[in-house]
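Chain residues, written in single-letter form:
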Amino acid sequence: SGGSICPTLVLSDLAQGNLASLLALLSELTRGTSRIAQLDARHDTERQDTLLTWAARHGQAEAVRLLLEGGASVGATTGGGA
């Protein structure tokens, strides 16, 4: 299980404004709860960012838009919830 796109690669690409790996990740993830869980996962950054908060902190507006359209949650936390 698990995709072939490494989240660490996506984070490093996003920091440089490269959306290629993000687009590959989004196309690889299937729709549904597991997709949302993967999009909202916390990563091993200094602030335990999600892809969305990381993209926002790096000023990547296009990446933010793609993530929101892809189903990422604005208020994602480590807990459960809607």
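Description of the structure in this document. (Residues numbered from 1 in each chain as written. Predicted model: local features only at pLDDT ≥ 70, side-chain atom pairs only at ≥ 80, totals over all residues. Heavy atoms only, no water.)

1. Regarding helix H2 (residues 20-28)
Among the residues making up H2, those that are buried are Ser21, Leu22, Leu25 and Leu26. Seen along its axis, H2 keeps its buried residues to an arc of 140°; they face one direction. On the buried face of H2, the contacting elements are helix H1 (7-15), helix H3 (33-39), helix H4 (51-57) and helix H5 (61-70). (Buried < 20%, exposed > 50% of the residue type's maximum accessible area, 1.4 Å probe, protein only. Helix = DSSP H or I, 4+ residues; strand = E, 2+ residues; numbered from the N terminus. Arc of directions from axis to C-beta. Contact = heavy atoms within 4.5 Å.)

2. Side note on the nonpolar core
Grouped together as the largest cluster of nonpolar side chains are 19 residues, with contacts concentrated most on Val10, Leu14, Leu22, Leu39, Leu51 and Leu67. If you list the elements that add at least two residues to this core, you get H1, H2, H4 and H5. Residue contacts for Val10: discarding those within four places in its chain leaves Ile5, Ser21, Leu22, Leu25 and Leu51. (Core = buried A, V, L, I, M, F, W, Y, C linked by side-chain atoms within 4.5 Å.)

3. Considerations on the packing of H2 against H5
Running from N to C, H2 and H5 cross one another at 5°; their axes reach a closest spacing of 11 Å. Between H2 and H5, the interaxial angle falls into the category roughly parallel. Judged by residue contacts, Leu22, Leu23 and Leu26 of H2 engage Ala63, Leu66, Leu67 and Gly70 from H5. (Axes fitted to C-alpha atoms, helices over the stretch in contact; angles between N-to-C directions. Parallel < 35°, antiparallel > 145°, perpendicular 65-115°, else oblique.)

4. With respect to the pattern of salt bridges
All told, the structure shown has four salt bridges when counted by the stated rule. Put simply, Asp49 and Arg57 hold a salt bridge, and the shortest N to O gap is 2.5 Å. Owing to a relative accessible area of 2%, Asp49 belongs among the buried residues under this scheme. Notably, a salt bridge pairs Glu69 with Arg65, separated by 2.7 Å at the nearest N-O pair. (Salt bridge = Lys/Arg side-chain N within 4 Å of Asp/Glu carboxyl O.)

5. Quick word on the environment of Arg31
Of note, Arg31 is situated in the loop between H2 and H3. For the pair Arg31 and Gly70, spaced 39 residues apart in the sequence, the C-alpha separation amounts to 8.7 Å. In this view, Arg31 contacts Glu69 and Gly70; residues no more than four positions away in its chain are not counted.

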